[in-house]
Amino acid sequence: MSERAFGSLVGEFFDQAKRLIRAELSLAKTELSQEATKFKAGGVMVGVGGALLLIGGIAFMLFACALLAMVLPFWAATLIVTVAFLAIGAGVAFAGIKSMKQLHAPTKTIQTLKEDGQWASRTFQSVKSQMHGHA
């Protein structure tokens, strides 16, 4: 094999490797963007849920305290209402956190990177063996 043919093979190998790396980066960006969108949606749900709980909770808390104060001392009525709202708020927040934990690694990118690594290894070994075989 001539120096020129070998140089051409090596050049082609690196050109293909550059194209693969660019394609992998593009795929990774796409997958991560999709996961970030899911994460943002979960975060918005947690925020909106928290705000609605706060507003509705304040109004309902006043109502519940006034209602319970008719049959219990005021301090006992407010304690019962407070504990109930803490439990409800925690349940909604945990549901939002659970939604956010359902994010996935960029599996397609990881798989194609493994395949590209195998291709690069085989190609480089082939070029290396051709170089040693025709030296």
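Anything mentioned here points back to the structure above.
The text that follows walks through the structure, step by step, so that each part is easy to find. (Residues numbered from 1 in each chain as written. Predicted model: local features only at pLDDT ≥ 70, side-chain atom pairs only at ≥ 80, totals over all residues. Heavy atoms only, no water.)

Remarks on the overall build of the protein
For step 1, the next point in the chain: Counting its regular elements, the protein contains 3 helices and 0 strands.
For step 2, the next point in the chain: Taken over C-alpha atoms, the radius of gyration comes to 31 Å for the protein, far larger than the 14 Å a tight globule of 135 residues would show.
For step 3, the next point in the chain: If one aligns the C-alpha atoms of the protein with their principal axes, the spans along those axes are about 100 × 20 × 15 Å.
For step 4, the next point in the chain: When the 135 residues of the protein are sorted by exposure, 15% land in the buried category.
For step 5, the next point in the chain: Total accessible area computed for the protein in this model is approximately 9,900 Å², and 71% of it derives from carbon and sulfur atoms.
For step 6, the next point in the chain: Both charge centroids of the protein, one from 13 positive and one from 8 negative side chains, sit 8 Å from each other. (Helix = DSSP H or I, 4+ residues; strand = E, 2+ residues; numbered from the N terminus. Rg over C-alpha atoms; globule rule 2.2 N^0.38 Å. Buried < 20%, exposed > 50% of the residue type's maximum accessible area, 1.4 Å probe, protein only. Areas by Shrake-Rupley, 256 points an atom, 1.4 Å probe, with all protein chains shown as cover. Lys, Arg positive; Asp, Glu negative; His and termini not counted. Charge placed at Lys NZ, Arg CZ, Asp CG, Glu CD.)

A look at the pattern of salt bridges
Two side chains carrying opposite charge are able to pair once their charged atoms lie near each other.
For step 1, the next point in the chain: With the rule as written, the count across this model stands at 2 salt bridges.
For step 2, the next point in the chain: Note that K18 is salt-bridged to D15, the shortest N-O span being 4.0 Å. With K18 and D15 both in helix α1 (residues 3-68) and 3 residues apart, the pair spans about one turn of that helix.
For step 3, the next point in the chain: Across the pair E35 and K38 runs a salt bridge whose closest N-O atoms are separated by 3.2 Å. Of this pair, E35 and K38 both sit in helix α1, separated by 3 residues, roughly a single helical turn.
For step 4, the next point in the chain: When its relative accessible area of 43% is taken as the criterion, K38 is described as partly exposed. (Salt bridge = Lys/Arg side-chain N within 4 Å of Asp/Glu carboxyl O.)

A look at the packing of aromatic side chains
For step 1, the next point in the chain: The final tally for this structure, using the stated rule, is 4 aromatic pairs.
For step 2, the next point in the chain: Ring centres 5.6 Å apart and planes at 20° place the aromatic pair F13 and W119 in the stacked group. A residue pair is termed long-range when its members are at least 10 positions apart, and F13 in helix α1 and W119 in helix α3 (residues 107-133) qualify at 106 residues.
For step 3, the next point in the chain: Judged by relative accessible area, which is 11%, F13 ranks as buried.
For step 4, the next point in the chain: Geometrically, the ring pair formed by F60 and F63 is tilted, given 5.7 Å between the ring centres and 45° between the ring planes. (Phe/Tyr/Trp six-rings, centres within 6.5 Å; stacked < 30°, edge-to-face > 60°.)

A word on the side chain of E31
For step 1, the next point in the chain: One can find E31 in helix α1.
For step 2, the next point in the chain: In this structure, E31 is in contact with P106, T107, K108 and T109, ignoring residues within four places of it in sequence. (Contact = heavy atoms within 4.5 Å.)

Describing the environment of A23
For step 1, the next point in the chain: Residue position: A23 is located in helix α1.
For step 2, the next point in the chain: Separated by 89 residues in sequence, A23 and T112 place their C-alpha atoms 9.8 Å apart.

Some words on a nonpolar patch on the surface
For step 1, the next point in the chain: Taken together, F60, F63, L67, M70, V71, L72 and I80 make up a surface patch of nonpolar side chains, about 730 Å² in accessible area.
For step 2, the next point in the chain: A per-element tally of the nonpolar patch places α1 first, with 3 residues.
For step 3, the next point in the chain: With respect to the helices and strands, the residue F60 is situated in helix α1. (Patch = residues over 30% accessible without salt bridge, like charges linked within 9 Å, V, L, I, M, F, W, Y side chains within 5 Å.)

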